[in-house]
Amino acid sequence: MAGVRLFVYGTLMDAECLRAVAGRVFPSRPARLEGFARFAPAGGYPYVVPRSDAAVDGLLLDDVDAEALRRLDRYEDEGRLYVRRTVEVVVGGARLACEVYVGNPARHPPG
């Protein structure tokens, strides 16, 4: 069974960070997440929130296996700091479904 696609836009774009967290790197390609804005607070980690007039550039990771996804969820403190959601990104003119870690609205209100 193939893994999931995951859009990353911050620290996980760095191959060494990704390897340290997930245990390996994944095939990746440039992608754009439309309808979201990226924020990078001083002393904090980047996050995205829905915003219709914005877009975020990042990488689409392909074939992320279940164990790596569990490790990434722990790293992102999924459910508390970030919430993993299904979205569509644009890759080479095509729209592809994937997952993304969005700032938890309770902690990061839309800007």
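Residues numbered from 1 in each chain as written. Predicted model: local features only at pLDDT ≥ 70, side-chain atom pairs only at ≥ 80, totals over all residues. Heavy atoms only, no water.

Concerning the side chain of Glu76
Positionally, Glu76 belongs in the loop between helix H2 (66-75) and strand E4 (82-91). Look at Glu76: it is buried, it has no salt bridge, and the nearest opposite charge is Arg84 at 9.6 Å. If sequence neighbours within four positions are ignored, Glu76 has contacts with Leu12, Leu81, Tyr82 and Tyr101. (Helix = DSSP H or I, 4+ residues; strand = E, 2+ residues; numbered from the N terminus. Buried < 20%, exposed > 50% of the residue type's maximum accessible area, 1.4 Å probe, protein only. Lys, Arg positive; Asp, Glu negative; His and termini not counted. Salt bridge = Lys/Arg side-chain N within 4 Å of Asp/Glu carboxyl O. Contact = heavy atoms within 4.5 Å.)

Some words on the pairing of strand E1 (residues 4-8)
One ladder, built from four bridges, connects E1 with strand E3 (residues 47-64); its direction is antiparallel. Paired with Leu6 across the strands is Leu61, a residue of E3. One ladder, built from two bridges, connects E1 with strand E5 (residues 94-103); its direction is parallel. What sits directly across from Leu6, in E5, is Glu99. (Pairing = 2+ DSSP bridges.)

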